[in-house]
Amino acid sequence: ITPTKSQQQQQDQDSPISRFQQYLQIQTAHPNPDYTSAISFLTTQALSIGLETLTLEFTPSKPVLLLTWRGRDPSLPSLLLNSHLDSVPAEPSKWSHPPFSAHFDSDGRIFARGAQDDKCIGIQYLEALRNLRSSSSFSPLRTIHVSFLPDEEIGGADGAAKFAESEEFEKLNVGFVLDEGQASMNDEFRVFYADRTPWWLVVRAFGMPGHGSRMYDNSAMENLMKSMEMMARYRESQFDFVKAGVAANSEVISVNPVYLKSGIPSPTGFVMNVQPSEAEAGFDVRLPPTADPDLVKKRISEEWAPGTRNMTFQLIQRGPIRDNMGRPLMTPTNSSNPWWSVFEQGVIASGGKLAKPEILASTTDARFMRQRGIPTLGFSPMANTPILLHEHNEFLKDTVFLRGIKVYESVISALSSFAGDSSL
Ligand SMILES: [Zn+2]
Ligand SMILES: [Zn+2]
């Protein structure tokens, strides 16, 4: 009897796919990510590869794992390969396989929360380094660091933000960073030179309560609904640019409602005959680096949550939009950035094709590295793959995962061998 593909994979405990599955099986979803097990697993892997390991803790219970392969010239700016340890939550009942089972199906798809975002790249970095270390012909000129950070999915305040500002980070003398990107639906890999920045906006409306039967002006619900209509119109105006092909999704300002909260609770649900005196809504707003933050703030205070309509707002700005000089936070992808062509050549040498560099619609830890003035690209080599981050049934195909290791071998070898002047 010929074993099925999945039986073969399960038998082979000592393979890159099996190590990917083991990492995926660690429960790293918020609100209680198991960082301890993740770090312990990764440390074991790193030691088996022969990398130096160091665990840092800038906030209690929020460990950062740092791995190092010392280069032949440690005085040169180093290469940093970054990924995050944590994942967003999953709703198991809506998945075809449990989200932390890393189920391998007969098509070679590995199902798990984190399969694309971004445990794939964490293991691919390690497997690429494992292969490079076992090849006698390679030894890096520049030092290679690998970082595994906590809390990316909740804003990175206790993760990348603290790490990038630390003395330890300064000492790494990082010249170039690779961080996560996104899957590509065609056979070109995507690469990202900037992120959008999240502004988490909570708007609250107040008004006189009243009998459920009464028509009157200025109820909290009415005040909130007026704002929501305006925000929906603004959302549509931005979406129209995308639909008309004038701008990419990531180049406009998105305003998406994520929760609504109001009403007076009762044992059977909500009181139905009282119009409540308070109502609240939350929005995920994302600004591209080219957006004018002051204009958006003005719009919020004058149109979306005006005091004249008995409204207040709270804005949680999750990271920078501009660099320290006030310029949009972007990594050049032209000849002014010597790392760019080395990276591009590395991808091409592996037989890969790169799509035109883009802004990422979502947000990564890369923004904290860019803010330190370090050129940083978002790159997750997943071609011909549906984009499933934060969705149900997130998966990655075995062949795509394995090809990514080869791509990183080529890219890491090119970047760490780069002998030229790497200053921008
Ligand atoms: Zn994510
Ligand atoms: Zn991610």
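Bear in mind that the values here come from a model prediction, so they are computed numbers and not experimental data.

Conventions we followed
Residues numbered from 1 in each chain as written. Chains lettered and ligands numbered in written order. Predicted model: local features only at pLDDT ≥ 70, side-chain atom pairs only at ≥ 80, totals over all residues. Heavy atoms only, no water. 1 Å grid on protein atoms, 1.4 Å probe; cavity = no way out; pocket = protein on both sides within 12 Å on 5 of 7 lines; lining within 4 Å. Points joined across faces, edges and corners; volume = space filled by probe spheres on them. Helix = DSSP H or I, 4+ residues; strand = E, 2+ residues; numbered from the N terminus. Nonpolar A, V, L, I, M, F, W, Y, C, P; charged D, E, K, R; others polar. Donors = N, O, S within 2.8 Å, 3.2 Å for Na, K, Ca; no water. Tetrahedral: all angles 85-135°; square planar, octahedral: opposite > 155°, others 65-115°. Buried < 20%, exposed > 50% of the residue type's maximum accessible area, 1.4 Å probe, protein only. Pairing = 2+ DSSP bridges. Axes fitted to C-alpha atoms, helices over the stretch in contact; angles between N-to-C directions. Contact = heavy atoms within 4.5 Å. Parallel < 35°, antiparallel > 145°, perpendicular 65-115°, else oblique. Left-handed = near helix turned anticlockwise from the far one by under 90°. Core = buried A, V, L, I, M, F, W, Y, C linked by side-chain atoms within 4.5 Å. Phe/Tyr/Trp six-rings, centres within 6.5 Å; stacked < 30°, edge-to-face > 60°. Lys NZ or Arg CZ within 6 Å of the ring centre and 35° of its normal.

**Focus: the layout of surface pockets**
Reasoning step 1: Size it by volume and the largest pocket reaches roughly 1300 Å³.
Reasoning step 2: Around the largest pocket sit 49 residues that line it, and Gln182, Arg196, Arg286, Ala361 and Ser362 are the ones nearest its centre.
Reasoning step 3: Looking at the lining of the largest pocket, the elements that each hand over two or more residues are strand E9 (192–195), strand E10 (197–206), helix H7 (220–243), strand E12 (254–262), strand E16 (278–287) and strand E19 (358–360).
Reasoning step 4: Residues belonging to the lining of the largest pocket are distributed by class as follows: 20 nonpolar, 14 polar and 15 charged.

**Focus on the coordination of the zinc ion (ligand 2)**
Reasoning step 1: Those donors, His84 (NE2), Asp117 (OD), Glu180 (OE) and Glu180 (OE), are the protein atoms that reach the zinc ion (ligand 2), and they lie 1.9 to 2.5 Å from it.
Reasoning step 2: Its four donor atoms give the zinc ion (ligand 2) angles of 57 to 155° at the centre, a pattern that matches the irregular case.
Reasoning step 3: Here the zinc ion (ligand 2) and the zinc ion (ligand 1) are spaced 3.5 Å apart, and both take Asp117 as a donor. Placement of the pair is Asp117 in the loop between strand E5 (109–111) and helix H4 (119–134) and Glu180 in the loop between strand E7 (174–179) and strand E8 (188–189), with a sequence separation of 63 residues.
Reasoning step 4: Residue class for Glu180 comes out buried when judged on its relative accessible area of 5%.

**Quick look at the coordination of the zinc ion (ligand 1)**
Reasoning step 1: Those donors, Asp117 (OD), Glu153 (OE), Glu153 (OE) and His390 (NE2), are the protein atoms that reach the zinc ion (ligand 1), and they lie 1.9 to 2.7 Å from it.
Reasoning step 2: Taken together, the four donor atoms surrounding the zinc ion (ligand 1) define angles of 54 to 150° at the centre, an arrangement classified as irregular.
Reasoning step 3: Mapped onto the sequence, the donors of the zinc ion (ligand 1) take the spacing D-x35-E-x236-H.
Reasoning step 4: A residue is classified by how much of its surface remains accessible, and His390, at 43% relative accessible area, is partly exposed.

**A few points about the sheet that holds E10**
Reasoning step 1: Spatially, four strands are ordered E12-E16-E10-E17 in an open sheet, and the strand pairing comes out antiparallel. Single-partner strands in this sheet number two, and they are E12 and strand E17 (311–317). Going from strand to strand, the sheet's axes swing by 20° on average, the running direction of each strand aside.
Reasoning step 2: Bridge analysis of E10 against E17 gives seven bridges, and the strand direction is antiparallel. In the sheet register, Val203 faces E17, and the bridge partner there is Phe313.
Reasoning step 3: Contacts from H7 reach E10, E12, E16 and E17 within the one sheet, and its direction differs from that of E16 by about 15°.
Reasoning step 4: Set on the sheet, helix H8 (residues 293–304) makes contact with E10, E12, E16 and E17; between it and E10 the angle comes to about 15°.

**Some thoughts on the packing of H4 against helix H11 (residues 398–416)**
Reasoning step 1: Close contact between H4 and H11 brings their axes to 8 Å; oriented N to C, the two are set at 60°. Compared by their axis directions, H4 and H11 come out oblique. The two elements H4 and H11 cross, and the hand of that crossing is right-handed. For the pair H4 and H11, contact is made by Cys120, Ile121, Ile123, Gln124, Tyr125, Glu127, Ala128, Leu129, Asn131 and Leu132 and by Val400, Phe401, Gly404, Ile405, Lys406, Tyr408, Glu409, Ile412 and Ser413, respectively.
Reasoning step 2: Considered class by class, the residues forming the contact of H4 with H11 number twelve nonpolar, four polar and three charged.

**Details of empty space enclosed by the protein**
Vacant regions in the atomic arrangement are exposed by a probe of water-molecule size rolled over the atoms.
Reasoning step 1: Under the counting rule described, the total for this entry stands at two cavities of 30 Å³ or more.
Reasoning step 2: Asp195, Thr197, Pro289, Pro320, Ile321, Leu329, Arg367 and Arg370 are the residues that line the largest cavity.
Reasoning step 3: In terms of residue class, the lining of the largest cavity is made up of four nonpolar, one polar and three charged.
Reasoning step 4: Volume-wise, the second largest cavity comes out at about 30 Å³.
Reasoning step 5: Around the second largest cavity, the lining residues are Gln116, Asp117, Glu180, Gly181, Gln182, Ala183, Met382 and Leu389.

**Comments concerning the pairing of strand E1 (residues 52–59)**
Reasoning step 1: Taken together, the seven bridges between E1 and strand E2 (residues 62–69) define a ladder with antiparallel strand orientation. Across the sheet, the residue bridging to Glu57 is Pro63, located in E2.
Reasoning step 2: Between the end of E1 and the start of E2, which pair antiparallel, lie two residues, with Ser61 showing a positive phi angle near 65°.

**Comments concerning the sheet that holds strand E4 (residues 103–104)**
Reasoning step 1: Strands sit in the order E4-E5-E21 across an open sheet of three strands; the sheet is antiparallel. Among the strands making up the open sheet, the edge pair consists of E4 and strand E21 (395–397).
Reasoning step 2: Here two bridges tie E4 to E5, and the two strands are oriented antiparallel to one another. By the bridge assignment, His103 is partnered in E5 with Phe111.
Reasoning step 3: Together, E4, E5 and E21 form the strand contacts of helix H2 (residues 16–24), whose direction differs from that of E5 by roughly 20°.

**Digging into the nonpolar core**
For soluble globular proteins, the rule of thumb is that nonpolar side chains tend to be buried together.
Reasoning step 1: In this structure, Leu178 and Phe343 are the most contacted members of the largest nonpolar core, which totals 64 residues.
Reasoning step 2: With residues up to four places along the chain from it excluded, the contact list for Leu178 reads Leu80, Leu81, Asn82, Tyr125, Phe343, Leu377, Phe379, Tyr408, Val411 and Leu415.
Reasoning step 3: Of all hydrophobic cores here, the second largest spans 22 residues; its members include Trp199, Val203, Ile253 and Leu287.

**Here we look at the packing of aromatic side chains**
Reasoning step 1: Scanning the model with the defined rule gives 14 aromatic pairs in all.
Reasoning step 2: Relative to Tyr408, the ring of Tyr125 has its centre 5.0 Å away and its plane inclined at 70°; by these criteria the two rings are edge-to-face. In this pair, Tyr125 sits in helix H4 while Tyr408 sits in helix H11, placing the two residues 283 residues apart along the sequence. Tyr408 shares its class with Tyr125; the two are buried.
Reasoning step 3: A network of ring pairs unites the aromatic residues Tyr125, Phe189, Trp340, Phe343, Phe379 and Tyr408 as a single cluster.
Reasoning step 4: Between Arg109 and the ring centre of Phe395, over which it is positioned, the NZ or CZ distance is 5.1 Å.

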